[in-house]
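Each chain, written out:
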Amino acid sequence: MARKPMMAGNWKMNNTIAEAVVLTQEISNQYDKETWGEDVDIVICPPYVDLKPAKTVLDFDRTKIAVGAQNVYWEPSGAFTGEISVPMLKEIGCAYCIVGHSERRELFGETNEDVNRKVKALVEAGLYAIVCVGESLAVRDEGTTEEFVCAQVRAAFAGVDAADAQRCVVAYEPIWAIGTGRTATPEQAEAVCAAIRATLADLYGAEVAEGMRVLYGGSMNPGNVEGLLAQPNIDGGLIGGASLKCESFVQLIEACL
Ligand code: PEP
């Protein structure tokens with residue numbers, strides 16, 4: 001089954017509102033409605049405060065580029081100081097949300113259970129979750145990468161039915177490749193992405209798994225994108241550093257076409 005590729009930019013904690021508007025406008029200026037609008041799904045995930053300004057630019061220019069958040073809390077409202085809820089994201093027009101990024105797991109103690117609660121809250125509200133999984137260098141050196149990553153996938157999707165799972169994208173992001181300039185080889189990335197798809201097939205059946213997108217993330221850039229996208233189980237990228245410059249992000253989008 002042909003899956004539509006996706007390029008998602010994770011801006012992390014970068015860009016003030018003014019800077020976000022400039023970068024979003026630069027990307028929007030390159031928008032080609034014949035190809036970008038039809039043949040690839042494009043998402044930018046800026047910090048919370050930039051979501052509305054970025055969405056305003058993209059909507060004003062009538063692009064199909066979507067905005068996504070980088071995190072969310074699973075309760076709809078209440079005494080959760082500092083948190084942002086799914087209804088808040090929805091009101092902004094946010095279609096996507098990253099969950100379980102390794103920086104959230106490592107720096108903020110996010111657990112597999114937290115990731116699962118976030119996935120459920122998002123899909124129940126009709127948003128698309130970009131579910132991040134990935135192993136540390138220690139796990140890779142131990143030789144248990146696939147086991148570790150597939151357990152993260154099972155935990156993230158626990159209690160999520162097939163219809164809701166189809167609102168999710170899985171991003172395989174080896175921690176040792178994030179922001180390090182050290183990319184997984186296409187063969188290494190493909191092996192894990194294939195194992196992720198096999199796990200999804202085990203959970204939801206082959207047909208559902210064949211329709212779900214699995215992205216690679218970890219120092220993807222215009223120089224290495226081609227080899228990664230050539231792999232049968234890699235359907236696009238979750239991009240950190242290279243999404244912060246219009247030129248490189250546009251090159252990555254074009255590589256999907
Ligand atoms: C990320 O943080 O999701 C990521 C893939 O970062 P980078 O592309 O900078 O490695």
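About the thresholds
Residues numbered from 1 in each chain as written. Predicted model: local features only at pLDDT ≥ 70, side-chain atom pairs only at ≥ 80, totals over all residues. Heavy atoms only, no water. Buried < 20%, exposed > 50% of the residue type's maximum accessible area, 1.4 Å probe, protein only. Helix = DSSP H or I, 4+ residues; strand = E, 2+ residues; numbered from the N terminus. Pairing = 2+ DSSP bridges. Right-handed = clockwise from strand over helix to strand, strands pointing away. Near = heavy atom within 4 Å. Polar contact = N/O pair within 3.5 Å; in protein donor to acceptor, adjacent residues only side chain to side chain. Areas by Shrake-Rupley, 256 points an atom, 1.4 Å probe, with all protein chains shown as cover. 1 Å grid on protein atoms, 1.4 Å probe; cavity = no way out; pocket = protein on both sides within 12 Å on 5 of 7 lines; lining within 4 Å. Sits in = over half its atoms within 2 Å of the grid points. Nonpolar A, V, L, I, M, F, W, Y, C, P; charged D, E, K, R; others polar. Contact = heavy atoms within 4.5 Å. Phe/Tyr/Trp six-rings, centres within 6.5 Å; stacked < 30°, edge-to-face > 60°. Lys NZ or Arg CZ within 6 Å of the ring centre and 35° of its normal.

Novice: Would you take a moment to explain the pairing of strand β3 (residues 66-69) for this structure?
Specialist: Walk down a regular strand and you will see the side chains alternate between the two sheet faces. Every second residue of β3 is oriented toward a common face, with Ala-66 and Gly-68 on one face and Val-67 and Ala-69 on the other, all of them buried. Bridging between strand β2 (residues 41-45) and β3 involves 2 bridges; their strand directions are parallel. The residue of β3 that forms the bridge with Ile-44 is Val-67. Of the strand pairs in this sheet, β3 and strand β4 (residues 96-99) are connected by 2 bridges, and their pairing is parallel. Residue Gly-68 lies in a different strand from β4, and its bridge partner there is Tyr-96. For the crossover that starts at β3, traverses helix α4 (residues 86-92) and ends in the parallel β4, the hand is right-handed.

Novice: Would you explain the site of the ligand in this entry?
Specialist: Close to the ligand lie 14 residues, the nearest being Lys-12, His-101, Glu-173, Gly-179 and Ser-219. At 2.6 Å from an oxygen atom of the ligand is found a side-chain nitrogen or oxygen belonging to Lys-12. Separating an oxygen atom of the ligand from a backbone N or O atom of Gly-240 is a distance of 2.8 Å. Considering the ligand on its own, with 300 Å² of exposed area, one finds that the protein chains cover 95% of that surface. The cavity where the ligand resides is the second largest pocket. Grouping the constituent residues of the shell around the ligand by class yields 4 nonpolar, 8 polar and 2 charged.

Novice: Honestly, the side chain of Lys-118 in this entry has me stumped. Any pointers?
Specialist: Positionally, Lys-118 belongs in helix α6 (residues 112-124). There is a polar contact of 2.7 Å between the side chain of Lys-118 and the side chain of Asn-71. Discounting residues that sit within four places of it in the chain, Lys-118 has contacts with Asn-71, Val-72, Trp-74, Val-99 and Glu-110.

Novice: Honestly, the packing of aromatic side chains in this entry has me stumped. Any pointers?
Specialist: For any pair of aromatic rings, geometry is given as the distance between the ring centres together with the angle between the planes. Evaluated as defined, the whole model comprises 6 aromatic pairs. Between the aromatic rings of Phe-157 and Tyr-204, the centroid separation amounts to 6.1 Å while the plane-to-plane angle is 75 degrees, which identifies the pairing as edge-to-face. One end of the pair, Phe-157, is in the loop between α8 (145-156) and α9 (162-165); the other, Tyr-204, is in helix α10 (residues 186-204), with 47 residues separating them in the sequence. The residues Phe-157 and Tyr-204 share a single accessibility class, namely buried. Taken together through their ring pairs, the aromatic side chains of Tyr-73, Trp-74 and Phe-80 make up a single cluster. Cation over ring: Arg-104 sits above Phe-108, and NZ or CZ is 4.3 Å from the ring centre. The ring of Trp-74 is capped by Arg-117, whose NZ or CZ atom sits 4.9 Å from the centre of that ring.

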